[in-house]
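# Remarks on the overall topology
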Amino acid sequence: MIEAGDNNSADLCAVAPMGLLAELTHRCPLQCPYCSNPMELERSSGELSTEDWARIFKEAGELGILQTHLSGGEPTVRKDLEEILKAAVDAGIYTNLITAGVLLSRERLEGLVDIGLDHVQLSVQHVDAKLADKIAGFKGGYSKKVELAKWVKELGLPLTVNSPMHRHNVEYLEEIIEFAVKLGAERLEVAHIQYYGWAFENRHTLIPTKEQVYRNADTVDEARERLKGIMSIDFVVPDYYAVRPKPCMGGWGSSFMTISPTGKVLPCHAAASIKGLEFENVKDRHLRDIWLHSSSFNKYRGTDYLPDPCKSCEFREIDFGGCRCQAFMFTGDAKNTDPACSKSSFHKDLLEIAERESKLEPKEFLYRKFTKQPQPTK
């Protein structure tokens, strides 16, 4: 029996989350070498049931969550996606389907729209079909994405195109922007990948040069001005070339949570990479309890735990010291300043790694799979 826990409305008003990333599965037909899923993928045999997700979204609505991102892996591999979506809709939560777009039929998409799906976010690996296939490790995906985008617009849904940027497509940004416009996207995410998990393992072949990133920034600035009122563009640089760290997730345990396919509740999708933290499972405890009182969410919530230089920094309530996962990965202690910050003693090392590896000859991808053996590219 899961107890409801603290029901104090003042507590909820003070720290209620805004968003929930629902990782419905780690199964996916694509094998992108920069996938944000953990290296140790969770098997389908342990996935939350339809009933589990229905209860989760009921609790999420009561907690005050406003939007959910139905993600994976590839969420459309779940045969019960319709029931899961209905539970979120019934809870009054805005729903965004994050998909590779290669498995959805028009008939199924129409059914999701009829249930109440609000938004579709489509990943695009490249504007060249052969290169897109190579990056994703999946043949024929490009044409399926174009077709899905057409259906999304015909059915009246807003469309976001997400194009993860790296060395293998960084010189095609202008074409990617025009492609997104042609698809009818209202929003484009030009997000340079961040090097955790699978991307970290492939950093030597994925990371672009600093000059390429800066040229991307100029291209985005020009396109934003030209496309005002047509399409908005979000731009994220790789942390390795940043001067100030990003306010990761708006601050740990501040406005967002992730639920893994097996029910682990995380402050961010990469949080499980921090060794020593124990994450509670929504099958065992009410979502409100986990959000308000679990040790994993409270460990790095706020800024009181931060040491110098963050402790005395004028930006500490703006960037919250940056990314806890990256701090752990590079310094061995998650409470330390994110090395992406120029005030970190590790910042120089981070930049040197990027500049060195960005000039290496690209090697074969370690494709995202349930087994972590390198697969040769073709």
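Residues numbered from 1 in each chain as written. Predicted model: local features only at pLDDT ≥ 70, side-chain atom pairs only at ≥ 80, totals over all residues. Heavy atoms only, no water.

## Examining the nonpolar core
Core analysis: the largest hydrophobic core is formed by 58 residues, its most contacted members being Trp-53, Phe-57, Leu-159, Ile-233 and Met-257. The dominant element in this core, judged by the number of residues it contributes, is helix 7 (residues 173-183), at six residues. The contacts of Met-257, once residues within four sequence positions are left out, are Pro-17, Gly-19, Leu-20, Leu-21, Leu-63, Ile-65, Val-265, Leu-266, Pro-267, Leu-287, Trp-291 and Phe-297. Grouped together as the second largest cluster of nonpolar side chains are 24 residues, Ile-135, Ala-199, Leu-206 and Leu-350 included. (Core = buried A, V, L, I, M, F, W, Y, C linked by side-chain atoms within 4.5 Å. Buried < 20%, exposed > 50% of the residue type's maximum accessible area, 1.4 Å probe, protein only. Helix = DSSP H or I, 4+ residues; strand = E, 2+ residues; numbered from the N terminus. Contact = heavy atoms within 4.5 Å.)

## So, empty space enclosed by the protein
Throughout the structure, instances matching the rule amount to three cavities of 30 Å³ or more. When its volume is computed, the largest cavity comes out at roughly 100 Å³. If you trace the largest cavity, you find 14 residues lining it, with Cys-248, Gly-251, Trp-252, Gly-322 and Arg-324 closest to the centre. Split by residue class, the lining of the largest cavity holds 10 nonpolar, three polar and one charged. (1 Å grid on protein atoms, 1.4 Å probe; cavity = no way out; pocket = protein on both sides within 12 Å on 5 of 7 lines; lining within 4 Å. Points joined across faces, edges and corners; volume = space filled by probe spheres on them. Nonpolar A, V, L, I, M, F, W, Y, C, P; charged D, E, K, R; others polar.)

## Let's talk about the confidence of the model for the protein chain
Within the protein chain, residue pLDDT values average 92, and 94% of them lie at 70 or more. Ignoring residues within four places in sequence, the model shows residues 1-5, a span with pLDDT below 50, making 12 contacts including any to other chains. Segment residues 372-378: pLDDT under 50, and 19 contacts once partners within four positions in sequence are set aside and those in other chains are kept. (pLDDT = per-residue confidence, 0-100.)

## A look at the pairing of strand 4 (residues 119-123)
A large share of strand 4 lies buried, amounting to five of its five residues. Both faces of strand 4 are covered, namely the face carrying His-119, Gln-121 and Ser-123 and the face carrying Val-120 and Leu-122. Relative to strand 4, strand 3 (residues 94-99) runs parallel, the two being bridged by four bridges. Across the sheet, Thr-99 pairs through a bridge with Leu-122, a residue of strand 4. Regarding the hand of the β-α-β motif, the stretch spanning strand 3, helix 4 (residues 106-115) and strand 4 is right-handed. Sheet topology note: the strand 4/strand 5 (residues 159-165) ladder contains four bridges and is parallel. (Pairing = 2+ DSSP bridges. Right-handed = clockwise from strand over helix to strand, strands pointing away.)

## What about the pairing of strand 5?
Of all the seven residues making up strand 5, seven are buried; the element is thus mostly covered by neighbouring parts of the structure. A two-sided burial pattern is seen for strand 5, the buried positions comprising Leu-159, Val-161, Ser-163 and Met-165 on one face and Thr-160, Asn-162 and Pro-164 on the other. Strand direction decides the pairing type here: strand 5 and strand 6 (residues 187-192), joined by six bridges, are parallel. Opposite Met-165, over in strand 6, you have His-192 as the bridge partner. Assessed by its sense of winding, the connection that carries the chain from strand 5 through helix 7 to strand 6 is right-handed.

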